[in-house]
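Report on the structure
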Amino acid sequence: MIDNYVYVIVALLPLSALMLVTQTNPYNALVIRAILGAVAALVYSVLGGADVALTEALVGTMLAVTLYVIAVRSSLVMRLGILAQKPDLTEDYITEFIASLRKVIKKHHLRLELVEYPDRDSLKQALLNREIHGICDRSGTSNIDNNPVYQTTIRVHRLFEILQKEFTYPDLKISYITPPNSEDKH
Amino acid sequence: MDSILIAMILALLIPIYEAWQDDDIWQKMLAFASIATKTSIMMLVISVLRDDWSIGVVAVITLSVGEAGLMLLAHLIKRLNEA
Amino acid sequence: MIDTLSYGLIIVGIIFWFWGTLPLIGNRSVLFKLHSLSVSDTLGSMAIVVGLLLKIPNEWSLLVLAIMTLAIWNTVLGYVLAYCSSSNEKIINKK
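A look at the overall build of chain C
- A count of helices and strands for chain C gives three helices and zero strands.
- From first element to last, N terminus to C terminus, chain C shows the α and β order α-α-α.
- Looking at chain C residue by residue over its 95 residues, the buried ones come to 43%.
- Relative to all contacts within chain C whose residues are 6 or more apart in sequence, the contacts with residues 24 or more apart total 62%.
- About 5,300 Å² of surface is accessible on chain C, with carbon and sulfur atoms providing 73% of the total.

What to know about the overall build of chain B
- For chain B, the helix and strand inventory stands at three helices and zero strands.
- For chain B, the N- to C-terminal ordering of α and β elements is α-α-α.
- Within chain B, the fraction of its 83 residues that count as buried is 67%.
- Within chain B, contacts between residues separated by at least 24 positions form 53% of all contacts whose residues are at least 6 apart in sequence.
- By element, 58% of the accessible surface of chain B is carried by carbon and sulfur atoms, the whole surface being about 2,500 Å².

Observations concerning the packing of helix 1 (residues 4–21) of chain A against helix 2 (residues 25–50) of chain B
- Look at helix 1 of chain A against helix 2 of chain B: their axes get within 14 Å of each other, and the N-to-C directions meet at 155°. In this view, helix 1 of chain A runs roughly antiparallel relative to helix 2 of chain B, as classed from their interaxial angle. For the crossing formed where helix 1 of chain A meets helix 2 of chain B, the hand is left-handed. Listed contacts from helix 2 of chain B to Tyr5, Val6 and Ile9 of chain A of helix 1 of chain A are Met42, Ile46, Leu49 and Arg50 of chain B.
- When the residues that make up the contact of helix 1 of chain A with helix 2 of chain B are grouped by side-chain class, the tally is six nonpolar, no polar and one charged.

Regarding the interface of chain B and chain A
- Facing 36 residues of chain B, the contacting portion of chain A comprises 34 residues.
- In total, chain B and chain A occlude about 3,200 Å² of area from one another, counting both sides; carbon and sulfur atoms represent 82% of this.
- Applying the counting rule to chain B against chain A returns zero salt bridges.
- Counting across the chain B and chain A interface gives two residue pairs in polar contact (both at pLDDT 80 or more).
- Top element by residues in the side of chain B that touches chain A is helix 3 (residues 53–82) of chain B. It accounts for 14 residues.
- Residues that form the side of chain B that touches chain A fall into these classes: 27 nonpolar, four polar and five charged.

Looking at the pattern of salt bridges
- For the structure shown, the criterion picks out five salt bridges over all chains.
- Between Glu161 of chain A and Arg158 of chain A there is a salt bridge; the shortest N-O distance is 3.3 Å. In this pair, Glu161 of chain A and Arg158 of chain A are both assigned in helix 6 (residues 157–166), three residues apart and thus about one turn of the helix distant.
- Take Glu161 of chain A: its relative accessible area is 34%, and that puts it in the partly exposed class.
- Judged by relative accessible area, Arg158 of chain A falls into the partly exposed class, the value being 48%.
- Asp41 of chain C is paired through a salt bridge with Lys38 of chain B; the nearest N and O atoms lie 3.1 Å apart. Of this pair, Asp41 of chain C sits in helix 2 (residues 30–55) while Lys38 of chain B sits in helix 2, on two different chains.

Quick word on the pairing of strand 1 (residues 77–83) of chain A
Residues and elements named next belong to chain A.
- Most of strand 1 sits out of view: five of its seven residues are buried.
- Pairing analysis gives seven bridges linking strand 1 to strand 2 (residues 111–117), with the strands arranged parallel. By the bridge assignment for strand 2, Met78 is matched with Leu112.

Some details on the confidence of the model for chain B
- Chain-level pLDDT for chain B is 87 on average; 98% of the residues reach the 70-or-more range.
- Mean pLDDT across the secondary structure elements of chain B bottoms out at helix 3 of chain B, with 87, and peaks at helix 2 of chain B, with 89.

Observations regarding the packing of aromatic side chains
- Applying the stated criterion across every chain, the model contains two aromatic pairs over all chains.
- For the ring pair Tyr17 of chain B and Trp20 of chain B, a centre distance of 6.1 Å and an interplane angle of 50° mean the geometry is tilted. With Tyr17 of chain B and Trp20 of chain B both in helix 1 (residues 2–21) and three residues apart, the pair spans about one turn of that helix.
- Judged by its relative accessible area of 48%, Trp20 of chain B falls in the partly exposed class.
- Taking 5.9 Å as the distance between ring centres and 45° as the angle between the ring planes, the aromatic pair formed by Phe16 of chain C and Trp19 of chain C counts as tilted. Taken together, the residues span about one helical turn, with Phe16 of chain C and Trp19 of chain C both in helix 1 (residues 2–21) at a distance of three residues.
- The class of Trp19 of chain C is exposed, set by a relative accessible area of 60%.
- Lying across the ring of Trp17 of chain C, Lys38 of chain B places its NZ or CZ 5.1 Å from the centre.

A short note on the interface of chain B and chain C
- Across the boundary between the two partners, chain B contributes 40 residues, which contact 41 residues of chain C.
- Of the roughly 3,800 Å² buried where chain B meets chain C, counting both sides, 81% is carbon and sulfur surface.
- Along the contact surface separating chain B from chain C lie two salt bridges.
- Taking the shortest distance from any N to any O, the salt bridge between Lys33 of chain C and Glu18 of chain B comes out at 3.6 Å.
- At the junction of chain B with chain C, the criterion picks out five residue pairs in polar contact (both at pLDDT 80 or more).

About the cut-offs
- Residues numbered from 1 in each chain as written.
- Chains lettered and ligands numbered in written order.
- Predicted model: local features only at pLDDT ≥ 70, side-chain atom pairs only at ≥ 80, totals over all residues.
- Heavy atoms only, no water.
- Helix = DSSP H or I, 4+ residues; strand = E, 2+ residues; numbered from the N terminus.
- Buried < 20%, exposed > 50% of the residue type's maximum accessible area, 1.4 Å probe, protein only.
- Contact = heavy atoms within 4.5 Å.
- Areas by Shrake-Rupley, 256 points an atom, 1.4 Å probe, with all protein chains shown as cover.
- Axes fitted to C-alpha atoms, helices over the stretch in contact; angles between N-to-C directions.
- Parallel < 35°, antiparallel > 145°, perpendicular 65-115°, else oblique.
- Left-handed = near helix turned anticlockwise from the far one by under 90°.
- Nonpolar A, V, L, I, M, F, W, Y, C, P; charged D, E, K, R; others polar.
- Buried area = accessible area lost by both parts, 1.4 Å probe.
- Salt bridge = Lys/Arg side-chain N within 4 Å of Asp/Glu carboxyl O.
- Polar contact = N/O pair within 3.5 Å; in protein donor to acceptor, adjacent residues only side chain to side chain.
- Pairing = 2+ DSSP bridges.
- pLDDT = per-residue confidence, 0-100.
- Phe/Tyr/Trp six-rings, centres within 6.5 Å; stacked < 30°, edge-to-face > 60°.
- Lys NZ or Arg CZ within 6 Å of the ring centre and 35° of its normal.

And the structure:
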């Protein structure tokens, strides 16, 4: 009574769902979610639910995936405060530093967003106000080879752990700070 | 007609496997493009097979919605890699 | 006569599908895969829909709409995907 191909088509749904839950990269998982939506629309229409299939195609494949890409993009970000660079003073070691930092946090699917502040006080204040996740500032030059020493202060503990474990850059100090008066905001 | 549908399901399994084993996001997007077209054509075939035109309308809408969603997603992912 | 023609078109369409989808597996570049996919997948899908149209001609409007959607949107989609993925590669090369 039920045709044979219906069983095979229905079996595609758990297959693609398994594929979805084994993904680690959030963006790859969202593309697989779109594939799951297409397969689900096929299954629903084979089983006779044309309205459910239409909803799945419109919401599951298009709307949810698009909105989730935007949401993931704006939440998986590390905001690092730096001092505003003077245009005549081209410091290429800071671009080198930023590039290697970007490489480390990219392994955890994070983006790096640089926020510039005019002076040290406003930089510090922004960290204490929880506007940014960390600051980076040069605190002098090392004695050995005259390279600048970077003092990086992070206020998110997980981020601090990741950087401490994986970020190996010469002349770099990483410290962790808990901002005072914890109003409940992040 | 049943064997035609089974052959279509076999053709659908190829991009699903490809989306599972390749880690590059653009290869996954290609696999998704292939799957979106194939599923809606399969829906059309089933609607003709059963002579049920509500499924046919859904198939055509899914066809164009899938492609539109794919283009939106492609532009978003491109922006993502630029920033 | 019409029946054999429509079955023949559907089978040719499925052969096109396999031909276009099999290059997806393998380590070729995105653009190569996109080319084979957009050409033979679209042609295969259109052949299948024409086969269905010959089988049941009284609901032709929906099937003609499907053919037009396939022809126009798949072409545009090919361009959009190629543009997005290749500009991405250029940026990586610049870095």
